[in-house]
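# Architecture at a glance
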Amino acid sequence: MTDFADDYEDDRFASAGLRLTVDLAALTENWKDMARRSGKARAAAVVKADAYGTGIEDAGEALYLAGARDFFVATVDEGVTLRLYAPEARIFVLAGIWPGTERRFFENDLVPVISSEEQLAFWMAVLADYGDYPCALHVDTGFNRLGLAMEDAIALADDVSRPASFSPVLVMSHLACGDDHASPMNKQQLESFRRVSDAYEGIDSSLAASAGIFLGSDYHFDMTRPGISLYGGEAVNGMANPMRAVVTAEARVIQVRTVKSGESVSYGRAMKLTRDSRLAIVSAGYADGYMRSQSSGGVPLRQVVPQGGHGFVAGRKVPVAGRITMDLTIFDITDLPEGAVSAGDYVELFGKNIAVDDAARAAGTIGYEMLTSMGLRHERQYVAEED
Ligand SMILES: *Cc1c(COP(=O)(O)O)cnc(C)c1O
């Protein structure tokens, strides 16, 4: 790239209405942290949904350079993209293989995760045509989402009639309640998965996503599959989040306005001002993934945090005022000194000062959804902050 192109990219970031900063050093540290917490097990990296909104190219490459050699993506397209940035890695495709995608799997050396009888039958037919090729088996131990039935999976392990070219390299399952360490479901799924793992002796097994890693070494098996923790989100309810923040989302102030006590703000006059106020109008709305349910009031269905979300600007938290609209959000900056916020400044929507999970809670959702929703109109920049 020429210097001119670099400048052009920088200008786009500096002038963006909504921008995301992804701290690749924090991402890398978080992966190393989860690898340490995984003990003897190897830590993979889950990079589905464009690496939880952080960008699969840069995030994937940073994780690869940090030492990750096993990756999980949701779709074959994500796998094809990731292959360019993780040349020697094993890439597992969680959605499995579908007729018409075989070539992309083979040409990019992607490993399908087989999770139903139909996929298994198709896979056996593919092997008959193409020969030996690795796969992973996803077994359901109580989640009732994807996965082969346990008894079928165990029978398959001992099935002498299965083709010799059928060579699973990983058997895996997923916890339904890993985020709730008090749930008896964790132990039940652990015991079920042990039976599966025993049946596939000599083949790697994997049960724990981020939350499961925190459940302790019984849950680690041969490989762990952290996702949300890598991106700084909370994995376990009610536990202080030990991960570093990775993503900072900021929106530009387009206008600062002064409004008299008694006047109202935004659609439906949902917020009535009880004092003379200053408001900052910023260029992010629900079409950008800044959810309407984070409005300060007037949006039904949200009871968790009745007062709505907050932004962070000029060293302080400031509340959302009235309803969030499609492209714009209003923040009440009355408590900041006059002149502290001007048009052109940025308000942090979440990041180093507002935890992504706090923003998500205010919206009645979870950090996962907040991160993956912020994907449409922003400019993204990568940094590697040392601290
Ligand atoms: C998304 C996903 C993960 C990662 O989960 P986190 O909670 O984000 O750590 C691991 N395994 C499977 C099967 C998944 O779908």
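Keep in mind the model is a prediction, meaning the values are calculated, not measured.

One key point about sheets: their strands pair by backbone hydrogen bonds, in either a parallel or an antiparallel sense. Spatial strand order, β3-β4-β5-β6-β7-β8-β9: seven strands in an open sheet with parallel pairing. Strands with a single pairing partner mark the edges of an open sheet, and in this sheet they are β3 (45–46) and β9 (204–206). Across two bridges, β3 lies against strand β4 (residues 70–73) in parallel orientation. If you follow V46 over to β4, its bridge partner there is F72.

Another point: the packing of helix α8 (residues 150–157) against helix α9 (residues 185–199). One can describe the packing of α8 onto α9 by two numbers: an axis separation of 9 Å at closest approach and a directional angle of 15 degrees. The orientation of α8 relative to α9 falls into the category roughly parallel. Viewed along their axes, α8 and α9 form a crossing whose handedness is left-handed. Here M150, E151, I154 and A157 of α8 come into contact with α9, specifically with S192, R195, V196 and A199. Here the residues of the contact of α8 with α9 are counted per class, giving five nonpolar, one polar and two charged.

Time to look at the pattern of salt bridges. Between side chains of opposite charge, pairing is possible as soon as their charged atoms come close. In total, this model carries 15 salt bridges according to the counting rule given. For E107, the salt bridge is made with R103, and the minimal N-O distance between the two is 2.8 Å. Residue E107 and its partner R103 are both found in helix α6 (residues 102–107); the two are separated by four residues, about one turn of the helix. Both residues of the pair, E107 and R103, count as exposed. A cluster of three or more residues bridged by salt bridges with shared partners is formed by R42, D70, R90 and D204.

As a further point, take the domain arrangement of the chain. Segmenting the chain into domains produces domain 1 (38–231) and domain 2 (247–383). Its C-alpha centre places domain 1 at a distance of 38 Å from the equivalent point of domain 2. In total, domain 1 and domain 2 occlude about 770 Å² of area from one another, counting both sides; carbon and sulfur atoms represent 62% of this. For domain 1, the biggest contributors to the area lost against domain 2 are Y52, T54 and I228; these three give 53% of the whole. The tally of links from domain 1 across to domain 2 stands at one salt bridge. The partner of R380 in a salt bridge is D50, with the nearest N and O atoms 3.4 Å apart. Linking domain 1 with domain 2 are four residue pairs in polar contact (both at pLDDT 80 or more). The element contributing the most residues to the side of domain 1 that touches domain 2 is helix α3 (residues 48–52), with three residues. Counted by class, the side of domain 1 that touches domain 2 contains four nonpolar, three polar and two charged residues.

Calculation rules
Residues numbered from 1 in each chain as written. Predicted model: local features only at pLDDT ≥ 70, side-chain atom pairs only at ≥ 80, totals over all residues. Heavy atoms only, no water. Pairing = 2+ DSSP bridges. Helix = DSSP H or I, 4+ residues; strand = E, 2+ residues; numbered from the N terminus. Axes fitted to C-alpha atoms, helices over the stretch in contact; angles between N-to-C directions. Parallel < 35°, antiparallel > 145°, perpendicular 65-115°, else oblique. Left-handed = near helix turned anticlockwise from the far one by under 90°. Contact = heavy atoms within 4.5 Å. Nonpolar A, V, L, I, M, F, W, Y, C, P; charged D, E, K, R; others polar. Salt bridge = Lys/Arg side-chain N within 4 Å of Asp/Glu carboxyl O. Buried < 20%, exposed > 50% of the residue type's maximum accessible area, 1.4 Å probe, protein only. Domains from an automatic or database assignment. Buried area = accessible area lost by both parts, 1.4 Å probe. Polar contact = N/O pair within 3.5 Å; in protein donor to acceptor, adjacent residues only side chain to side chain.

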